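Report on the structure
Here's the letter readout for the chains.
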Amino acid sequence: MTTNDQKLMKKALILTIVSIFIISSSMAQSTMEPKPIKPTNFLKKITTIVSGKTRSYYALSTGEPSVVTVQGPGTLKVNTRGQFRPGETNVIKYALLYTIDGGEQKTKAVTGIERSKNAVYEDGTLGVPGELNTFEIELNRGSHSIEFKLKDISYNVAARYIFTPSKPKKQEWMAFSPLLPSEPVDLITKETTTAYYRFSMNKPLKVDIIGPTELRVLSRTEHHYKMKGRINYRLQVRENSKVINTYQLYSEVSDVAVYKDVKDLIPGTASEFVIMVPDGKHVYEILPLDQDKSTLLGRLLIPVKDIKLEK
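Each helix and strand counted, the protein chain has 1 helix and 20 strands in total. Among the 311 residues that make up the protein chain, the fraction classed as buried is 43%. Looking at the protein chain alone, contacts between residues at least 24 apart form 74% of all its contacts between residues at least 6 apart. Accessible area of the protein chain: about 18000 Å², with a carbon and sulfur share of 52%.

Of the voids in this model, the largest pocket is the one considered here, and its volume is about 390 Å³. Considering the residues around the largest pocket, the lining is formed by 18 residues, among which I100, I244, N245, Y247 and M276 are closest to the centre. Going through the elements one at a time, strand 9 (133–150), strand 16 (242–251) and strand 19 (271–288) are the ones with two or more residues in the lining of the largest pocket. In terms of residue count, the dominant contributor to the lining of the largest pocket is strand 19 (5 residues). Looking at the lining of the largest pocket residue by residue, the class counts come to 9 nonpolar, 4 polar and 5 charged. T69, R230, Q248, L249 and Y250 are the residues nearest the centre of the second largest pocket, which is lined by 13 residues in total.

Overall, the coordinates contain 7 salt bridges when judged by the stated rule. Salt-bridge contacts for R141 lead to E272; the nearest nitrogen and oxygen are separated by 3.1 Å. Placement of R141 in strand 9 and of E272 in strand 19 is noted, with a sequence separation of 131 residues between them. Relative accessible area serves as the criterion here: at 13%, E272 is assigned to the buried category.

Before going further, it helps to examine the environment of E183. Along the chain, E183 falls in the loop between strand 11 (173–175) and strand 12 (184–189). Residue E183 is classed as exposed on the basis of its relative accessible area of 62%. Between the alpha carbons of E183 and Y197 there is a distance of 6.6 Å; along the sequence they are 14 residues apart. Each residue touching E183, except ones within four places of it in the same chain, is listed here: Y196 and Y197.

This brings us to the nonpolar core. L60, L76, I137, L139, I146, F148 and Y161 are the most contacted members of the largest nonpolar core, which totals 25 residues. When contributions to this core are tallied by element, the ones reaching two or more residues are strand 4 (66–84), strand 5 (92–100), strand 6 (106–113), strand 9 and strand 10 (157–165). At 6 residues, strand 9 tops the list of elements feeding residues into this core. Residues within four places of L76 in sequence aside, it is in contact with V68, F135, E136, I137, L139, I146, F148, Y161, I162 and F163. Core analysis: the second largest hydrophobic core is formed by 22 residues, I209, V237, Y247 and I286 among them.

Scanning all chains against the criterion turns up 5 aromatic pairs. Ring centres of Y98 and F148 lie 6.0 Å apart, and the angle between their planes is 25°; this geometry places the pair in the stacked category. With Y98 in strand 5 and F148 in strand 9, this pair connects stretches of sequence that are 50 residues apart. Measuring from centroid to centroid gives 3.8 Å for Y247 and F273, while their planes differ by 10°, and the two rings are stacked. Of this pair, Y247 sits in strand 16 while F273 sits in strand 19, and the two are 26 residues apart along the sequence. A residue is classified by how much of its surface remains accessible, and F273, at 0% relative accessible area, is buried.

Right, let's get into the side chain of S251. Assignment of secondary structure puts S251 in strand 16. A residue is classified by how much of its surface remains accessible, and S251, at 0% relative accessible area, is buried. A polar contact of 3.0 Å, which involves the side chain of S251, links it to the side chain of T221. Here the side chain of S251 touches T269 through a polar contact of 2.7 Å, landing on its backbone oxygen. If we ignore the near neighbours within four places in the chain, the residues touching S251 are T221, H223, G229, R230, I231, Y233, G268 and T269.

Parameters and conventions
Residues numbered from 1 in each chain as written. Predicted model: local features only at pLDDT ≥ 70, side-chain atom pairs only at ≥ 80, totals over all residues. Heavy atoms only, no water. Helix = DSSP H or I, 4+ residues; strand = E, 2+ residues; numbered from the N terminus. Buried < 20%, exposed > 50% of the residue type's maximum accessible area, 1.4 Å probe, protein only. Contact = heavy atoms within 4.5 Å. Areas by Shrake-Rupley, 256 points an atom, 1.4 Å probe, with all protein chains shown as cover. 1 Å grid on protein atoms, 1.4 Å probe; cavity = no way out; pocket = protein on both sides within 12 Å on 5 of 7 lines; lining within 4 Å. Points joined across faces, edges and corners; volume = space filled by probe spheres on them. Nonpolar A, V, L, I, M, F, W, Y, C, P; charged D, E, K, R; others polar. Salt bridge = Lys/Arg side-chain N within 4 Å of Asp/Glu carboxyl O. Core = buried A, V, L, I, M, F, W, Y, C linked by side-chain atoms within 4.5 Å. Phe/Tyr/Trp six-rings, centres within 6.5 Å; stacked < 30°, edge-to-face > 60°. Polar contact = N/O pair within 3.5 Å; in protein donor to acceptor, adjacent residues only side chain to side chain.

This is the structure:
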C-alpha cells in the first residue's frame, strides 16, 4: 500500500467518524425536542390559527378530565385559551384543576384575559380565542398521567399540551429489597439474572425506607403464551392507608426477558415510576388496582449514594 493510499484511507476514516458523531448528535437533539401531545378523553378538538399557523387545542370539561400521558423526565407546557363568544368584549377568567399521577388536586387560576389579537378559530362561529396563558409542570423520571378539567363552566376553555423531554440525571442505582414479599422471582435478560418480586392486590409490595431519597419502582405484567398486545394496568402507592399516587402504566410481551424457573409464563416489558421519599422513615404499600390482573412483578432500586441512610 502506497503512502498516498494510506493518506486517503486515513481521511476516509476521519470523515466516517465525523459523520457518525454528527448523526448521533442530531438524533440526541431530536429526542429532546418539544412534542405536541394529544390527550385522551378530551371533549372535542378546537382548531385554532395563530399567526397563520394551525394549532390543535382540546376543549376542557368540568366532568371527565382530559388525560395526558408522558414518559419523564421533562417539562409539560400547558397552553390555554378561553373562548369569547360572539358579542362578548369583557375580560374573562377561569380556573383549571389538575392532578399528577392521582395525587393532590392543584388549581391554576387565570384572570384578566382579553381577546387575542393574533389568533382566530378555524370555525368562526365559535367567536374569538382569548389571549394565550401558559404554565409548566416539571416531571421526574418514569411514567406520568396528568388529568386536566375546568373548575366551573363560566367560560369555555381549550388547552394545548407540549412536552419537552430531558436527560435523566446521571446516578448509580442499587437493588432494594421489600419487606414483603420476601420470595424473589428471577428473570434472565441478556444472560443477566435479575430478582423481581411477585405481588398482587391482596399481597402488595411493602417497603420500609428512610428519606430523603428516591425509590425507583419497575413493574412488569405476567403473560400466558396466548396473550398478545398491550396491557394497561394501574398501580397505587399508599402510606398509612392514605393514597399518595396512582400510576397508569402499560406493558407488552418482552422480547428479551424470560423466567429462570417458570415455564408457562412470559414476563412483560418493564414500566417505571419514581417515588420522591421525604425526610424520615416511611412505609409504603404498592398494589395493583385492576381485578383482572392477578399478579405483577416488581423491582425496587435506590441511589447508591443513599444506601447509608438505610443502614
